[in-house]
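Structure at a glance
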Amino acid sequence: MNRCIATYRIYDDQVDFHKKATSIAVGMTVGSWTELPQTKRESMQKHLGEVVDIQVNEGWEPGSRYADVRIAYPDVNFSRDIPALLVTVFGKISMDGRIKLTDLELSKDFLTSFPGPKFGIDGVRTLLGVHDRPLLMSIFKSVIGLNADELRAQFIRQALGGVDLIKDDEILFENDLTPIEKRVSLCMQAAAEVEQKTGKKLLYATNLTGRTSQLREQALRAIDAGANALLFNVLSYGYDVLQELSSDPEITVPIAAHPALAGAIYPSPHYGISAPVLLGQLMRLAGADLVLFPSPYGSVTMPREENLAIRDELHSAKLGVARSMPVPSAGIHPGLVPRIIRDFGTDVVVNAGGGIHGHPMGTEAGGNAFVQAIEATMKSVPLADYAQEHEELRTALDTWGGEV
Ligand code: 1AE
């Protein structure tokens, strides 16, 4: 029988974890198992959840006793979509005490319903013609209230800095000054002008926003206007909305998933959904080509092991779909590039907003400093050495510090 296995960490000082696990396995599948007549029990057998494993850690102080509990849910119980999966494995029980969903092992059969990212790491690299180094992304900043000319000027400064991708800030919504079609056409025109000078291709991820019912139409209008990538605030809409967009044959550009809201879900040791499931597995399954998340080193951080577990979910072969590009973000500056490449390898996007625009010599120099940091790291040259011949990098290291 095909089934998906969920792992939970449950904290409780008193409870009998075996009873608790059984009550979840039964309660989240067939309901009131013991009260059913024999014939009904038999017919419900194929729907019954099963406790697969329980590892108890007795703890040493009040509040520290927990168990890691694995429960298998028959695939026959739920439809082949992420909303049904999540309601089955973590619907009602997410509200029942100190319980966190830490892992999901999905059956091969369930996974066949998910096409995954249309582009993934390889597709994004092909669009850019860059195969041998980390990519560099810059984030528009302070754009609320900017008019079209000001937005264009900021785009050009970022592009001249040598970045591969530019993304809207996730807080830029539809607005009268720079509505999406206008934004896309002026940015793509600017990208073409800069490409004439630099020979570099560039993806611009414009923010898809507004009511769910209008997202598809908005994406198609943006693509008609020349958009070559999209940004999407996945968690405020839901994974299934991302899947609708990413699997749409007419949406022919990569989608970058922003993690806004994730901090309400993953950081607690006692509640929510673990970061690798939330920002790794489910984002990739729903079709994100690039996935942003906090890094272990910047201004908004998460523990390194969790970060690397997200990377593994995005990179691993086990989901059977294209790999998604990890984008560790928030407070990234050039001095962090060696650590990013050490932890993620070259299949990563180095992403910065403040670390580019806040460069003392300006936005263009901010981009250059990152390009230089990537070059140095790829050549295994310490940043401090490379900086002796590269003024932008030197200034960045003087401003924000260097590698450790
Ligand atoms: C984890 C998301 C980071 C993000 O969206 C963002 O805008 C970062 O900006 P900086 O690089 O911290 O200025």
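What counts, and at which threshold
Residues numbered from 1 in each chain as written. Predicted model: local features only at pLDDT ≥ 70, side-chain atom pairs only at ≥ 80, totals over all residues. Heavy atoms only, no water. Near = heavy atom within 4 Å. Polar contact = N/O pair within 3.5 Å; in protein donor to acceptor, adjacent residues only side chain to side chain. Areas by Shrake-Rupley, 256 points an atom, 1.4 Å probe, with all protein chains shown as cover. Nonpolar A, V, L, I, M, F, W, Y, C, P; charged D, E, K, R; others polar. Domains from an automatic or database assignment. Contact = heavy atoms within 4.5 Å. Buried area = accessible area lost by both parts, 1.4 Å probe. Salt bridge = Lys/Arg side-chain N within 4 Å of Asp/Glu carboxyl O. Helix = DSSP H or I, 4+ residues; strand = E, 2+ residues; numbered from the N terminus. Buried < 20%, exposed > 50% of the residue type's maximum accessible area, 1.4 Å probe, protein only. Pairing = 2+ DSSP bridges. Axes fitted to C-alpha atoms, helices over the stretch in contact; angles between N-to-C directions.

Taken together, 13 residues lie around the ligand, and Lys 141, His 258, Gly 331, Gly 353 and Gly 354 are the ones closest in. With respect to the ligand, the side chain of His 258 contributes an N or O atom lying 2.6 Å from an oxygen atom. Gly 331 places a main-chain nitrogen or oxygen 2.8 Å from an oxygen atom of the ligand. When the ligand sits alone it has 380 Å² of accessible area, and the protein chains cover 84% of it. Split by residue class, the shell around the ligand holds four nonpolar, five polar and four charged.

When its domains are assigned, the protein resolves into domain 1 (3–111) and domain 2 (120–400). The distance between the C-alpha centroids of domain 1 and domain 2 comes to 36 Å. In this complex, domain 1 contributes 17 residues to the contact, which on the side of domain 2 involves 19 residues. Contact between domain 1 and domain 2 buries roughly 1,500 Å² in total, counting both sides, with carbon and sulfur atoms accounting for 64%. Across the domain 1-domain 2 interface, the total number found is zero salt bridges. Where domain 1 meets domain 2, there are seven residue pairs in polar contact (both at pLDDT 80 or more). The set of elements that each furnish at least two residues to the side of domain 1 that touches domain 2 consists of helix 3 (82–90) and strand 4 (98–105). Sorting elements by how many residues they give to the side of domain 1 that touches domain 2 places strand 4 first, with seven residues. Here the residues of the side of domain 1 that touches domain 2 sort into eleven nonpolar, two polar and four charged.

The subject of this paragraph is helix 17 (residues 391–400). The periodicity of an α-helix, 3.6 residues per turn, causes residues three or four positions apart to be oriented the same way. Among the residues of helix 17, those classed as buried are Glu 392, Leu 393, Thr 395, Ala 396 and Leu 397. In the core, the buried residues of helix 17 are packed alongside helix 15 (363–378) and helix 16 (383–388). Of the residues one or two after helix 17, Gly 401 is the one with positive phi, at around 95 degrees.

Strand pairs in the sheet, formed through backbone hydrogen bonds, run parallel or antiparallel to each other. Ordered in space as 2-3-1-4-10, the five strands form an open sheet in which the pairing is mixed. The strands lining the two open edges of the sheet, one partner per strand, are strand 2 (50–57) and strand 10 (272–273). Relative to strand 3 (residues 66–74), strand 1 (residues 3–11) runs antiparallel, the two being bridged by nine bridges. By the bridge assignment, Tyr 8 is partnered in strand 3 with Val 69. Set on the sheet, helix 1 (residues 17–27) makes contact with strand 1, strand 2, strand 3 and strand 4; between it and strand 2 the angle comes to about 150 degrees. Against the sheet, helix 11 (residues 275–285) touches strand 4 and strand 10, its axis set at about 35 degrees to strand 4.

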